[in-house]
Amino acid sequence: MITRLLVANRGEIARRVFRTCRSLGVETVAVFSDADADAPHVAEAGHAVRLGGPSPYLSIEEILRACRDSGCDAVHPGYGFLSENAAFAQAVIDAGLTWVGPSPEAIAAMGDKVAAKRLMQEAGVPVLTADGRTFPLLVKAAKGGGGRGMRIVREARELDEAMAAASREAQAAFGDGAVFAEPLLERARHIEVQVLADGHGTVWTLGERECSIQRRHQKVVEEAPSPGITDAVRERLFEAADRAARKIGYVGAGTVEFLVKDDTIAFLEMNTRLQVEHPVTELVYGVDLVALQLEIAEGAHLPEAAPSPSGHAVEVRLYAEDRDFLPQSGPLHRFEIPGDVRVDAGVESGSVVTTFYDPMLAKVIAHGSSRTAAVRRLARALRDARLHGITTNRDLLVDVLESEAFLAGDTHTGFLDQHLPPKDPPTELSALAAALAGAAANRAGATVLRSVPAGWRNVRSQPRTARFAEAEAVYDPLPEGVTVISATPTRVTLESGSLRHTFHVATYGDTVHVDSSLGSVRLTALPRLPRPVVEVAPGSLLAPMPGSVLRVDVGPGDHVNAGQVVVVLEAMKMEHQIVAPASGVVSEVAVEKGRQVEAGAVLAVISPSVSEGERA
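Just so we're clear, the structure is a prediction, and the values are computed from it rather than from any experiment. (Residues numbered from 1 in each chain as written. Predicted model: local features only at pLDDT ≥ 70, side-chain atom pairs only at ≥ 80, totals over all residues. Heavy atoms only, no water.)

**Brief notes about the overall build of the chain**
And step 1. Along the chain, the regular secondary structure elements total 16 helices and 34 strands.
And step 2. Principal-axis analysis of the C-alpha atoms places the extent of the chain at approximately 85 × 70 × 50 Å.
And step 3. When burial is assessed residue by residue, the chain has 51% of its 616 residues classed as buried.
And step 4. For the chain, the share of sequence-separated contacts (at least 6 apart) that also reach a separation of at least 24 residues comes to 62%.
And step 5. Accessible surface, the chain as shown: approximately 27,300 Å² in total, 51% of it carbon and sulfur.
And step 6. Within the chain, the 79 negative side-chain charges are centred at a point lying 4 Å from the centre of the 62 positive side-chain charges. (Helix = DSSP H or I, 4+ residues; strand = E, 2+ residues; numbered from the N terminus. Buried < 20%, exposed > 50% of the residue type's maximum accessible area, 1.4 Å probe, protein only. Contact = heavy atoms within 4.5 Å. Areas by Shrake-Rupley, 256 points an atom, 1.4 Å probe, with all protein chains shown as cover. Lys, Arg positive; Asp, Glu negative; His and termini not counted. Charge placed at Lys NZ, Arg CZ, Asp CG, Glu CD.)

Given below as structure tokens:
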């Protein structure tokens, strides 16, 4: 019997496992890096052990030390990091602990994706094979997942660099740089089947999940069941997943992933762990997959018949990233998601998002009697969320959920490439509300000691204006057709024409967040007497985020073409290429390999090329 469980992971998945452990009466142990010392998962565990080293969550030695120090009797790997590392699973077992997962042999069989494809062919599962001559190709990490270590290659001349970049990224994320290539089946659906097997020969296939909407080969929206496959294809998927699990003697929770296009299905990989998107299956099938994992690890028998599905569930991944999918870091002042939805989060109000780990903040999941009901509930919760501080992909998620193509079930792996970016919410009324809230705060702060009342002006002919980087708001006199119903420092109600809107205003230093039915707007207040701005040389390439310089591809005097890679940054375990916006000559390189840079730092300066005629 498991009595004290260590979760060899962090963030959202650690908190998710702890939640089930609390309901079962199992003691919990968290592990944490220096960067995670104040993270929510550390505070929620019954015991916590600090790990050492630069990449502690990938250190088998450090995790085993934490097991000894905490006196745990079982280990749950979560997902990512060491969750699909056969050597880690074996080390846990050799230490006399219960491993909550499949056998090391099963992990090894599926961990090398090239060898796994051969096994699946033997089992009669259809696979994709590359001949090295047909493009496009998808380069993938052989021993990892989650979108890390993946590159699309459309021409042969791109292959070497893509393989090298994918290998570096895989090494950083999984500790193994092996990669391979397979045909890229474009506009296909990414479908996966949840399997659960005990040690006595029973295998459940708990339905399929639609995971086609992706960015950087990483899933963004997932749902169960898929709205776009036939019952005949569904049965073929279940049969193939069952064959895959039985072929390797699988025990525990796992996921078999496929590409589906029309009636064609092709095996992608098997993830020998709990998937990030497992909550949609839990809600549709009414199960707790973590609890079942623990029971199976203790030797329990699964019932002969799997539970039946009910309704529909949709999950979105809320990321700290901008519209170009670049990760963001910094303080998360407020994190509140209301409504009848499930929120699996690794953060809370006051958390600080660092550059060291994946930028996923939370998963938000809704269940309903129908797909329409689930989607509507989820979109409403996201719209009503209070997400203050760093930029998130919330607007993109709402836009996707409310798009005609998504509502029609017309999704595929290239969906976001075709999907228009979300429209900016109107800022005029939100800026006006922010200005009125600021004026109300000034009035509330006035005391008898002040010689001039708050809001007093000695030049009545001049309008009162609040200036923000995003908009300018004149609030005295009010814009034509706008009436103030009420205004406090945190809540403003305006009537514009015949419509009444209530705005919730929160101020953090110079940043003002305004939430309303019109959308969420972040404003940056401009000072009345701005300080001198440090000028940046024309042609400067700036770091779009904090990170580490992984590579510098040019030197002073080099000629570069538009779109050519100049510097490669690593942030949140992903590589980000900084390219020349136009052709020119490198006049300065301001960084070197290994240097840490802040957002906005100058990386290099490119001067326009001088033509022969201009030289003459």
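Okay, back to it.
**A look at the packing of aromatic side chains**
And step 1. Within this structure, the stated rule accounts for six aromatic pairs.
And step 2. Centre to centre, the rings of tyrosine 57 and phenylalanine 81 are 5.1 Å apart; their planes meet at 35 degrees, and the pair counts as tilted. Separated by 24 residues along the polypeptide, tyrosine 57 in the loop between strand S3 (47-50) and helix H3 (60-70) and phenylalanine 81 in the loop between strand S4 (74-76) and helix H4 (86-94) bring together distant segments of the chain.
And step 3. Owing to a relative accessible area of 23%, phenylalanine 81 belongs among the partly exposed residues under this scheme.
And step 4. Measuring from centroid to centroid gives 6.3 Å for phenylalanine 356 and tyrosine 357, while their planes differ by 55 degrees, and the two rings are tilted.
And step 5. Given the relative accessible area of 48%, phenylalanine 356 is considered partly exposed. (Phe/Tyr/Trp six-rings, centres within 6.5 Å; stacked < 30°, edge-to-face > 60°.)

**A closer look at the sheet that holds strand S11 (residues 218-224)**
And step 1. An order of S13-S12-S9-S10-S11-S14-S18-S16 is seen for the eight strands of this open sheet, with the pairing classed as antiparallel. For this open sheet the edge positions go to strand S13 (264-271) and strand S16 (342-345), each flanked by a neighbour on one side alone. Averaged over neighbouring strand pairs, the angle between their axes works out to 25 degrees when direction is ignored.
And step 2. In this sheet, strand S18 (residues 360-368) lies alongside S16 in antiparallel orientation, the contact comprising four bridges. By the bridge assignment, valine 343 is partnered in S18 with valine 364. (Pairing = 2+ DSSP bridges. Axes fitted to C-alpha atoms, helices over the stretch in contact; angles between N-to-C directions.)

**Some words on helix H7 (residues 159-174)**
And step 1. A rise of 1.5 Å per residue sets the reference length of H7, with its 16 residues, at 22 Å; its end C-alpha atoms lie 22 Å apart and thus fit the reference within 8%.
And step 2. Taken as a whole, H7 has its buried residues at Ala162, Ala165, Ala166, Glu169, Ala170, Ala172, Ala173 and Phe174. Down the axis of H7, the buried set is contained in an arc of 165 degrees. They therefore lie on one face.
And step 3. Check the buried side of H7 and you find it contacts strand S6 (137-141), strand S7 (151-153), strand S8 (179-183), strand S30 (565-571) and strand S31 (574-579).
And step 4. Directly beyond the C-terminal end of H7, a positive phi value near 75 degrees is found at glycine 175. (Expected span 1.5 Å × (residues − 1). Arc of directions from axis to C-beta.)

**A closer look at the state of the cysteines**
And step 1. For the coordinates displayed, the defined rule picks out zero disulfides.
And step 2. Looking at the unpaired cysteine 21, the closest cysteine sulfur is the one in cysteine 72, lying at 11 Å.
And step 3. With a relative accessible area of 0%, cysteine 21 lands in the buried category. (Disulfide = S-S within 2.5 Å.)

**Remarks on the pairing of strand S24 (residues 499-508)**
Looking down a regular strand, the side chains alternate between one sheet face and the other.
And step 1. As judged from the six bridges shared by strand S23 (residues 491-496) and S24, these two strands associate in the antiparallel manner. Looking across to S24, one finds that threonine 493 is bridged to threonine 502.
And step 2. The turn joining S23 and S24, which pair antiparallel and follow one another in sequence, is formed by two residues; a positive phi near 65 degrees is taken by glycine 497.
And step 3. As consecutive antiparallel partners, S24 and strand S25 (residues 511-516) are separated by two residues, and within that stretch glycine 509 has a phi angle of approximately 65 degrees, a positive value.

**Regarding empty space enclosed by the protein**
And step 1. Within the structure shown, the criterion is met by one cavity of 30 Å³ or more.
And step 2. Reported here for the largest cavity is a volume of approximately 40 Å³.
And step 3. Its residues placed into classes, the lining of the largest cavity shows six nonpolar, six polar and one charged. (1 Å grid on protein atoms, 1.4 Å probe; cavity = no way out; pocket = protein on both sides within 12 Å on 5 of 7 lines; lining within 4 Å. Points joined across faces, edges and corners; volume = space filled by probe spheres on them. Nonpolar A, V, L, I, M, F, W, Y, C, P; charged D, E, K, R; others polar.)

**Things to note about the side chain of lysine 219**
And step 1. Along the polypeptide, lysine 219 turns up in strand S11.
And step 2. Since its relative accessible area comes to 9%, lysine 219 is described here as buried.
And step 3. Separated by 2.8 Å, the side chains of lysine 219 and glutamate 192 make a polar contact.
And step 4. Contacts of lysine 219, omitting those with residues within four sequence positions, involve His190, Glu192, Cys211, Ile213, Gln214, Glu257, Gln275, Glu277, Arg317 and Tyr319. (Polar contact = N/O pair within 3.5 Å; in protein donor to acceptor, adjacent residues only side chain to side chain.)

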